[in-house]
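Take a look at the letters that make up each chain.
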Amino acid sequence: MSAMAAPAEAAASNRILEIRDLNLSLRDDHGWVQVLNDVSFSVRPNEILGMVGESGSGKSMTALSILRLHAKRDAQLSGQIQFDGHNLATASEGRMRRIRGRHVSMIFQEPMSALDPVFTVGEQIAETVRRHFGVSRKEAFERAVAALDSVGIASPRTCAGLYPMALSGGMRQRVMIAMALVCEPKLLLADEPTTALDVTIQAQIMDLLLELAQKTGTSVLLITHDLGLVAETCDRVITMYAGQIVEEGRVRDVISNPQHPYTAGLMRSIPDAHRPRGGLSSIAGRVPSFRNMPEGCRFRPRCEFVEAACSQTQRLTETGGHLVRCHRARQLSLEGAPA
Ligand SMILES: Nc1ncnc2c1ncn2[C@@H]1O[C@H](COP(=O)(O)OP(=O)(O)OP(=O)(O)O)[C@@H](O)[C@H]1O
Ligand code: SF4
Ligand SMILES: [Mg+2]
């Protein structure tokens, strides 16, 4: 993996990325609404960090914030996103362009949203290489072909000459992976990278992605609804609920011994170790609207352990080796996923 400006500093802190008190507000037709609230976490070198939570909990917004990919006019970001000595929350657009795709890259749920229909896939990958390494067109194209080869595409040179529309969903996702990893970034943001694919090839593509990330020394933030996948592949996991982190810890501990009632609800959706990979089961009730958030604990309207003190602000604190946003965590004996 190629080094960036301050490897010693990153090694010293043992963090690739350090996010502190990230807040994000978005503007829609009804005005501004805060969708991320004091999100803090870090990513370590070579780790796969899982991020789970129901739809609308803020997982994609967290990833998009790291690369500042929201429409600028309609998004307000505050807090620290420390990456290689720079705060990406306030870095210039020029610096962000140098970072995107080179040092931090992203794989989206739907590859067509990231591929340009009017250029061949070879041209698109080569353009990423040229932009960041300044090599000749020929050299960049050869690297693109090698990248397509590395993701298991049988005729990479032919594929390089095709337009995205000519490819199957699985092929497009392989192209996305090739494009995301061609510059051997330090960090890959993988947002539901296989959800749009046929279930029979999901596991295959995910294995490929993680294998290549390991080869290139790339840390991965893996956003997924698939708790089985998290259990199999991640080192640590973060649970998000209503724009906040509610629990963070080592995967095995969080799965067998969740400390937050919401995480426990999610973990109950892994019925047994032999079940194939699957999605989240439903927890009674609905995620509250960002415009109508309950005071104190945001999970309060759905929590079977609620008491009066839950209407006070809950802070993320260390409990039983995890970080947990629930003052009752120590008293509760929650069940995790069945062994
Ligand atoms: N432009 C916008 N204006 C206002 N709110 C928005 C906008 N875009 C997204 N949101 C809201 O931000 C919240 C977080 O969305 P996000 O896409 O991060 O959820 P998610 O956890 O990735 O969900 P999913 O699992 O469905 O992908 C959602 O409630 C969504 O409605
Ligand atoms: S703070 Fe109260 S309502 Fe919230 S998760 Fe803990 S027990 Fe449930
Ligand atoms: Mg999402």
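For the structure, see preceding data.
Residues numbered from 1 in each chain as written. Chains lettered and ligands numbered in written order. Predicted model: local features only at pLDDT ≥ 70, side-chain atom pairs only at ≥ 80, totals over all residues.

Novice: Residue-level account of the nonpolar core, with values.
Specialist: Core analysis: the biggest nonpolar cluster contains 92 residues, and Ala144, Leu148, Ala178 and Leu221 have the highest contact counts within it. Ranked by residue count, the leading element in this core is helix 7 (residues 169–181), at 8 residues. Two domains each donate at least three residues to this core, and these are domain 1 (7–225) and domain 2 (255–324). (Core = buried A, V, L, I, M, F, W, Y, C linked by C-beta atoms within 7 Å. Buried ≥ 20, exposed ≤ 12 C-beta atoms within 10 Å, placed from the backbone. Helix = DSSP H or I, 4+ residues; strand = E, 2+ residues; numbered from the N terminus. Domains from an automatic or database assignment.)

Novice: Describe unusual backbone geometry, naming the residues involved and giving the relevant values.
Specialist: The backbone of Asn46 shows a phi angle near 60°, a positive value even though the residue is not glycine. Tracing the sequence through the fold places Asn46 in the loop between strand 2 (31–43) and strand 3 (48–52).

Novice: Please give an account of the site of ligand 1 that cites residues and values.
Specialist: The environment of ligand 1 is made up of 13 residues, and the closest members are Leu26, Ser55, Lys59, Ser60 and Met61. Among the secondary structure elements, those contributing two or more residues to the shell around ligand 1 are strand 1 (17–28), strand 2 and helix 2 (59–66). A total of 3 residues in the shell around ligand 1 trace back to one element, the largest contributor, which is helix 2. A class-by-class count of the residues in the shell around ligand 1 yields 5 nonpolar, 6 polar and 2 charged. (Near = placed C-beta within 6 Å. Nonpolar A, V, L, I, M, F, W, Y, C, P; charged D, E, K, R; others polar.)

Novice: Which residues make up the packing of helix 7 against helix 8 (residues 199–216), and what values go with them?
Specialist: What describes two packed helices is the angle between their axes and the distance between those same axes. At a minimum axis distance of 11 Å, the contact between helix 7 and helix 8 shows a crossing angle of 10°. Compared by their axis directions, helix 7 and helix 8 come out roughly parallel. Across the interface between the two elements, Gly170, Gln173, Arg174, Ile177 and Leu181 of helix 7 pack against Ile201, Ile205, Leu208, Leu209, Leu212, Ala213 and Thr216 of helix 8. Here the residues of the contact of helix 7 with helix 8 are counted per class, giving 8 nonpolar, 3 polar and 1 charged. (Axes fitted to C-alpha atoms, helices over the stretch in contact; angles between N-to-C directions. Parallel < 35°, antiparallel > 145°, perpendicular 65-115°, else oblique. Contact = placed C-beta atoms within 7 Å.)

Novice: Tell me about the environment of Asn87, and name the residues and values.
Specialist: In this fold, Asn87 is placed in strand 5 (residues 86–87). A tally of 13 C-beta atoms within 10 Å means that Asn87 is categorised as partly exposed. Asn87 sits 69 residues away from Glu18 along the chain, and the two C-alpha atoms are 9.3 Å apart. Not counting chain neighbours up to four residues away, the residues in contact with Asn87 comprise Gln80, Ile81 and Gln82.

Novice: With reference to specific residues and values, describe the sheet that holds strand 4 (residues 75–83).
Specialist: Read across the sheet, 4 strands follow the order 2-1-4-5 without closing on themselves; strand pairing throughout is antiparallel. Bordering the open sheet on either side are strand 2 and strand 5, each of which pairs with just one other strand. As defined by bridge partners, strand 4 adjoins strand 5 across 2 bridges and the pair is classed as antiparallel. Across the sheet, the residue bridging to Gln82 is Asn87, located in strand 5. Running over the sheet, helix 2 touches strand 1, strand 2 and strand 4 and is turned about 75° from strand 2. (Pairing = 2+ DSSP bridges.)

Novice: Which residues make up the environment of Arg174, and what values go with them?
Specialist: Here Arg174 lies in helix 7. For Arg174 and Leu148, which are 26 residues apart along the polypeptide, the C-alpha to C-alpha distance reads 7.7 Å. If we ignore the near neighbours within four places in the chain, the residues touching Arg174 are Val151, Gly152, Ile153 and Ile205.

So yeah, pure geometry; function would need other evidence.
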